Amino acid sequence: MTEAKIVDIFSLLEPIVLAHPETNPWQVRGAGPAVYDADFKLLEEMLTVPVAEGTGTQSGRLAKTIDAWVARELRRSGFDEDEVWPRLSAPRVVPREVSQFIKMLPRRLQSEARMQLLRNTTVAPSDARILGRAYVKQVDVLIAQWSRGPELLVSTKSMGSSFRKNLANRFEEAYGDAKNLRGRYPLAAMGFLFLLRSTIQEEAGAFERAVDMMRKLKAESDVYDATCLVVAEWHEGMKPAKVTLLNDLVPEDLNANTFMATLVDAVLTRTPVEMHVEVRQRREHRVLPIE
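Within each chain, residue numbers correspond to sequence positions counted from 1 in written order. Local features are withheld for residues below a pLDDT of 70 in this predicted model, meaning they are given only at 70 or higher, and side-chain atom pairs are given and counted only at 80 or more; totals for whole chains, interfaces and linings count all residues. Think of the side-chain values as coming from all heavy atoms in the structure, minus any hydrogens and water.

Student: So what's going on with the overall build of the protein? Residues and values would help.
Tutor: Helix and strand labels come from DSSP, where a helix needs a run of H or I of at least four residues and a strand needs a run of E of at least two; each type is numbered from the N terminus. Of the regular secondary structure elements, the protein holds nine helices and 10 strands. For the radius of gyration, the atoms used are the C-alpha atoms, and the globule rule reads 2.2 Å times the number of residues raised to 0.38. Compactness check: the protein gives a C-alpha radius of gyration of 19 Å against a globular reference of 19 Å for 291 residues, within 12% of the reference. Principal axes of the C-alpha set define a box for the protein whose edges measure 60 × 45 × 45 Å. With a 1.4 Å probe rolled over the protein chains alone, any residue whose accessible area is under 20% of its type maximum counts as buried; one over 50% counts as exposed, and the rest are partly exposed. Expressed as a percentage of the 291 residues in the protein, the buried residues total 48%. The contact criterion used is simple: two residues touch if any of their non-hydrogen atoms lie within 4.5 Å. Taking the intrachain contacts of the protein between residues at least 6 apart in sequence as the baseline, contacts between residues at least 24 apart amount to 67%.

Student: Go over the packing of helix H6 (residues 163–184) against helix H7 (residues 206–216) with me, naming the residues and quoting the values.
Tutor: For the pair H6 and H7, interaxial distance at closest approach is 10 Å and the crossing angle is 5°. Comparing the axis directions of H6 and H7 gives the class roughly parallel. Residue-level inspection shows Phe163, Arg164, Leu167, Ala168, Arg170 and Phe171 of H6 in contact with H7, the latter providing Ala206, Arg209, Ala210, Met213 and Lys216. For this classification, Asp, Glu, Lys and Arg are treated as charged, while Ala, Val, Leu, Ile, Met, Phe, Trp, Tyr, Cys and Pro are nonpolar and the rest, including Gly, are polar. Considered class by class, the residues forming the contact of H6 with H7 number seven nonpolar, no polar and four charged. Axes here mean lines fitted to C-alpha atoms, for a helix over just the part in contact, with angles spanning 0 to 180 degrees between N-to-C directions. Angles below 35 degrees are treated as roughly parallel, those above 145 as roughly antiparallel, those between 65 and 115 as roughly perpendicular, and all remaining angles as oblique.

Student: Can you lay out the pattern of salt bridges for me, pointing to particular residues and giving the numbers?
Tutor: We define a salt bridge as a side-chain nitrogen of Lys or Arg found within 4 Å of a carboxyl oxygen belonging to Asp or Glu. Here the structure, examined in full by the defined rule, presents 23 salt bridges. The salt bridge involving Asp253 is made with Lys218; its shortest N-O contact spans 3.7 Å. Pair noted here: Asp253 is in the loop between strand S10 (244–245) and helix H8 (256–269) and Lys218 is in the loop between H7 and strand S9 (226–233), with a separation of 35 residues, a long-range link. Note on Lys218: relative accessible area 26%, which makes it partly exposed. Look at the salt bridges and you will find they share partners, linking Glu81, Asp82, Arg87 and Lys103 into a network.

Student: How would you sum up the side chain of Asp177? Please name residues and give values.
Tutor: By the secondary structure assignment, Asp177 is in helix H6. Look past the residues within four positions of Asp177 in its chain and what remains in contact with it is Tyr135, Lys137 and Tyr224.

Student: Just give me the short version of the packing of helix H4 (residues 96–104) against helix H5 (residues 107–119), but keep the residues and values in it.
Tutor: Relative to each other, H4 and H5 sit at 155°, their axes nearing to 8 Å. Judged by the angle between their axes, H4 and H5 are roughly antiparallel. As H4 runs across H5, the sense of the crossing is right-handed. Touching Val98, Ile102 and Lys103 of H4 are Gln110, Ala113, Arg114 and Leu117, all from H5. Left-handed describes a crossing in which the near helix is turned anticlockwise from the far one by less than a right angle; the clockwise case is right-handed.

Student: Mind laying out the packing of aromatic side chains, listing which residues take part and the relevant values?
Tutor: Aromatic pairs are defined between Phe, Tyr and Trp rings, using the six-membered ring for Trp, whenever the two ring centres lie within 6.5 Å; interplanar angles under 30 degrees are classed as stacked, those over 60 as edge-to-face, and all others as tilted. Scanning all chains against the criterion turns up five aromatic pairs. These aromatic residues form a ring-pair network of at least three members: Phe192, Phe194 and Tyr224.

Student: Describe the nonpolar core, with residues and values.
Tutor: Most often, soluble globular proteins have nonpolar side chains that are buried together. In this description, a nonpolar core means a group of buried Ala, Val, Leu, Ile, Met, Phe, Trp, Tyr and Cys residues linked to one another through side-chain atoms lying within 4.5 Å. By size, the foremost hydrophobic cluster in this structure holds 48 residues, and its most contacted members are Trp69 and Leu74. Listing elements by their share of this core, those giving two or more residues are helix H1 (3–18), helix H2 (40–53), helix H3 (61–76), strand S6 (141–145), strand S7 (149–159), strand S8 (189–197), S9 and H8. For this core, the element with the most residues is H8, which contributes nine residues. Here Leu74 is in contact with Phe79, Val84, Val141, Ile143, Leu152 and Met260, once residues within four sequence places are set aside. Val93, Leu142, Ala206 and Val223 belong to the second-largest nonpolar core, a separate cluster that totals 34 residues.

Take a look at the structure:
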């Protein structure tokens, strides 16, 4: 998959994302605390794009679609669009401080500065690569600032076939990556999201192994704070293409609502109250008297 192809999938997804209003995901129901309500309808529409192309999970385009959706959910939660990577518009990865600097330039210079930034892959690369304890790791979704370092790290994977054969390999990769990143960033919120095609149910015991794997990946304090399973159903050759999420199949502790709520809570718990104020306000449904 070339860099141009990766950029293309984000470009195809951008108008779909923009067509959905960025509503507050924290919903108050009754007298209890606010609960997270992810935009699953948007995810189904986004996943339809790579499925309609006929590209399999090996191409990485399904996983990139998941990246774009998780980033969108973080922006819905109130995180600044320039500190969540991948960004909705190109460049997908750029330091927040650079974006803020460009916005402060005279309007006549902003367009030229952005064009120069797009040409500079050192400052604005296509992927975020983070140094862990032992090696550099590409991180699929990231929240970071220069003064704070990484605050949230999410890795995503997808699998559409050969589940029983490859699940163990995915477990080993995810476990090793978590140990590597946690070793250098013990306070960062870390998550792992795994997209599975619904055909996993056709392989005896495969789905149960996937559930067990995801629970083990968050069982220790130095691996992931949250893990998530997304099960998607589609049929080859169907026109128009249609993707349906089988959310009822996923246990509550591994669903996307629990996943997002846990990660956001982890970021807010590990930072002072004057940081990420907008996120706190959306979650608590009140204005905080903090700048």
